Number of protein chains: 2
Amino acid sequence: MIESTPVSVDVLTLRFDPTARTVLLGVAPRAFEPFAGALALPGVLLGKGERLREAARRAVRDKLGAPEEAITASGQLTTFDEPSRDPRGPTLSIALWATVDPARLAGGAATWPPLADVPPLAFDHDRIVADCRPLLADRLWRDVAFTAGLLGREFTTAQALDVTESLTGDRPYPANLGRIMERLPGLARTAQHAAALPKGGRPPSVWRWTS
Amino acid sequence: MIESTPVSVDVLTLRFDPTARTVLLGVAPRAFEPFAGALALPGVLLGKGERLREAARRAVRDKLGAPEEAITASGQLTTFDEPSRDPRGPTLSIALWATVDPARLAGGAATWPPLADVPPLAFDHDRIVADCRPLLADRLWRDVAFTAGLLGREFTTAQALDVTESLTGDRPYPANLGRIMERLPGLARTAQHAAALPKGGRPPSVWRWTS
DNA sequence: TCAAAAGTGTTGTTGATACACCCATGA
DNA sequence: TCATGGGTGTATCAACAACACTTTTGA
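Residues numbered from 1 in each chain as written. Chains lettered and ligands numbered in written order. Predicted model: local features only at pLDDT ≥ 70, side-chain atom pairs only at ≥ 80, totals over all residues. Heavy atoms only, no water.

Caption draft 1: View of the overall build of chain A. The helix and strand tally for chain A stands at 5 helices and 10 strands. Relative to the compact-globule value of 17 Å for 211 residues, chain A shows a C-alpha radius of gyration of 18 Å, a close match. Overall size of chain A, expressed as C-alpha extent along the three principal axes, is 65 × 30 × 30 Å. Per-residue burial over chain A gives 48% buried out of 211 residues. Accessible area of chain A: about 9,900 Å², with a carbon and sulfur share of 54%. Distance between charge centroids for chain A: 7 Å, based on 25 positive and 24 negative side chains. (Helix = DSSP H or I, 4+ residues; strand = E, 2+ residues; numbered from the N terminus. Rg over C-alpha atoms; globule rule 2.2 N^0.38 Å. Buried < 20%, exposed > 50% of the residue type's maximum accessible area, 1.4 Å probe, protein only. Areas by Shrake-Rupley, 256 points an atom, 1.4 Å probe, with all protein chains shown as cover. Lys, Arg positive; Asp, Glu negative; His and termini not counted. Charge placed at Lys NZ, Arg CZ, Asp CG, Glu CD.)

Caption draft 2: Quick look at the protein's contact with DNA strand C. With respect to spatial proximity, 22 residues lie near DNA strand C, and among them A:Ala175, A:Lys199, A:Gly201, A:Ser205 and B:Arg183 are the closest. The share of sugar and phosphate among atoms of DNA strand C within 4 Å of the protein is 58%. In this structure, A:Lys199 approaches DNA strand C through a side-chain N or O atom, which is 3.1 Å from a phosphate oxygen. Contact distances for DNA strand C include 3.0 Å between a base nitrogen and a side-chain N or O atom of B:Asn176. (Near = heavy atom within 4 Å. Polar contact = N/O pair within 3.5 Å; in protein donor to acceptor, adjacent residues only side chain to side chain.)

Caption draft 3: Up close: helix α2 (residues 125-139) of chain B. All names here are of chain B. Over its 15 residues, α2 extends 20 Å from the first C-alpha to the last, a length consistent with the 21 Å expected when each residue adds 1.5 Å. At Cys 132, α2 shows its largest bend, some 35°, and a proline, Pro 134, comes one to four positions later. Taken as a whole, α2 has its buried residues at His 125, Ile 128, Val 129, Cys 132, Leu 136 and Ala 137. Just downstream of α2 lies Trp 141, where phi reads positive at about 70°. (Expected span 1.5 Å × (residues − 1). Bend = angle between axes of the 7 residues up to and from the residue.)

Caption draft 4: Spatial organisation of the protein's contact with DNA strand D. Residues in close proximity to DNA strand D total 21 residues, the closest being A:Arg183, B:Lys199, B:Gly201, B:Arg202 and B:Ser205. Among all atoms of DNA strand D positioned within 4 Å of the protein, those belonging to sugar or phosphate total 57%. Within the side chain of A:Tyr173, one N or O atom sits 3.1 Å away from a phosphate oxygen of DNA strand D. A:Arg179 places a polar side-chain atom, nitrogen or oxygen, 3.2 Å from a base nitrogen of DNA strand D. Listed by contribution, the elements that provide at least two residues to the surface near DNA strand D are α5 (174-183) of chain A together with α4 (157-168) and α5 (174-183) of chain B. The residue makeup of the surface near DNA strand D, split by class, is 6 nonpolar, 7 polar and 8 charged. (Nonpolar A, V, L, I, M, F, W, Y, C, P; charged D, E, K, R; others polar.)

Caption draft 5: Layout of the sheet that holds strand β9 (residues 187-193) of chain B. Residue and element names in this part refer to chain B. Spatially, the 3 strands line up as an open sheet ordered β8-β10-β9, and their pairing is antiparallel. On the outer flanks of this sheet lie β8 (154-156) and β9, each paired with one strand and no other. Sheet twist, expressed as the average angle between the axes of neighbouring strands with direction ignored, equals 35°. Of the pairings in the sheet, the one linking β8 to strand β10 (residues 205-209) comprises 3 bridges and is antiparallel in character. By the bridge assignment, Thr 156 is partnered in β10 with Val 206. The strands that α5 touches are β8, β9 and β10; relative to β10, the one it contacts most, it runs at about 25°. (Pairing = 2+ DSSP bridges. Axes fitted to C-alpha atoms, helices over the stretch in contact; angles between N-to-C directions. Contact = heavy atoms within 4.5 Å.)

Caption draft 6: Inspection of the state of the cysteines at higher detail. Inspection of the entire model under this criterion finds 0 disulfides over all chains. The cysteine A:Cys132 is free of any disulfide, with B:Cys132 supplying the nearest cysteine sulfur at 18 Å. (Disulfide = S-S within 2.5 Å.)

Next up, the structure:
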């Protein structure tokens, strides 16, 4: 009988900060060896019979200290199988994404660096983040659950621009992004307008998910 | 300590049959319970420290009876985590694709139904095939390793049309597919022409990977 | 009234689709 | 010489990017 490989689920937890106007990644210092004290993605060993999303929720709750109600959506990314990625021995790491609602976050040991500027992490988590970033950027405006999870039920054009810039690296023209959103089924421009940004300027329109 | 979930690697093994002009999927009858005798995707339990592609090669070799040299390329698809997918208890299934060179296939217990018409399979393998088919179609002409693995180092426009039809479900216009291939870096039209098809017609040009 | 930022309209480019027509083969 | 089917050229349409110009706010 072949001995089986332990499976860990590592989560890229994303949160949009409207004040900093960027997407943040949830990381937390490790409590135990190896890499005790070093920052790492929240991760747990997959329990027998546990589903991947359940494990991801558990990781976000236990490692980032976020209540489960704060998790708005989650999904699969890829699997990392380098045998040497964990010094304790070969383990598989299945990467998942999760989005959280900043309003429902209680304290916790987590730090939230901008996704565009993540400090060095434990294990091969730098590589995981690097490899998964394009996958996340690709999901925006394509995967409704992901986009809605990140932006919330209601958001402004300005916020949509900020999120897109954080994920893809460059800022689209407001006009063009507006047209992308108008074409998106399940999303509609409301009649309302939000307050203008601190520096002034025309107040952006508010968008809402219809379904 | 949490008990860990066994991980199996299940492989969608693809092969292009130039005579039947379709892409075939490798399946084999199961030797043991559960589902003994029923057709299934080749799959093995992932060994400790084993890489996913190694396990995939092992599955194709042991379950389909194909020599490892016949495998031309392989890669990841998705993970299936329904706890009830195996009656023996919860297991994870990581789906991989592999392409084989029909010329290098020795006998073996495998059957090769067309990918478009796969008979009912054991476990949740029907669902795996159904879910992964769009992923495979999406890789064609995008993932060079996949496309080259399936078509071989040298192929004709007619074969490219056949493969595209098998994977996507409809046959592109030869002119348009020709332009897609011309834009593809690493692929070039040669000066040669293949023999015409049995029914006659203009002999198709031969394409070759340059890198 | 000026700066800032969203929104409207317009234009050019690119990719995909579709098709008319030309070419090369087997029967 | 006809049916078959690949190859060339062209038209059409949608998506996207880019930008001039207008509108609405705060200072």
